[in-house]
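Summary of the model geometry
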Amino acid sequence: MKIGSDDKKKTPYGFKGHIACDEDGFVTQAVVTTAKLHDSQVFEELLKGNKIEVYSDSAYASVKTAQ
């Protein structure tokens, strides 16, 4: 909750765009979720199709994503 300048409680809304790009930087997949959803939760959905290589930071490293 956030208190506004008029002292009324306001609920902030937020959205997040999760994007997959090809090696040339063109967007190949995009998913929009609420801001509280971590990127790893839509990792597989972003990789639909025949992806050979994935470059990401260590937050996505797991046995499941290494396959």
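To keep things clear, this report deals only with the structure shown in the data block. (Residues numbered from 1 in each chain as written. Predicted model: local features only at pLDDT ≥ 70, side-chain atom pairs only at ≥ 80, totals over all residues. Heavy atoms only, no water.)

The next thing to look at is the overall build of the chain. Looking only at helices and strands, one finds 1 helix and 4 strands in the chain. Its helices and strands taken in sequence order, the chain reads β-β-β-β-α from the N to the C terminus. Relative to its full complement of 67 residues, the chain shows a buried share of 13%. A separation of at least 24 residues holds for 6% of the contacts in the chain among residues at least 6 apart in sequence. Summed over all atoms, the accessible surface of the chain reaches about 6000 Å², with 53% contributed by carbon and sulfur. (Helix = DSSP H or I, 4+ residues; strand = E, 2+ residues; numbered from the N terminus. Buried < 20%, exposed > 50% of the residue type's maximum accessible area, 1.4 Å probe, protein only. Contact = heavy atoms within 4.5 Å. Areas by Shrake-Rupley, 256 points an atom, 1.4 Å probe, with all protein chains shown as cover.)

What follows covers the pattern of salt bridges. According to the stated counting rule, one finds 1 salt bridge in the structure shown. Taking the shortest distance from any N to any O, the salt bridge between Lys16 and Asp39 comes out at 4.0 Å. Taken as a pair, Lys16 in strand S3 (residues 15–21) and Asp39 in the loop between strand S4 (27–34) and helix H1 (43–46) lie far apart in primary sequence, 23 residues in all. Taking relative accessible area as the criterion, Lys16 reaches 25% and is therefore assigned partly exposed. (Salt bridge = Lys/Arg side-chain N within 4 Å of Asp/Glu carboxyl O.)

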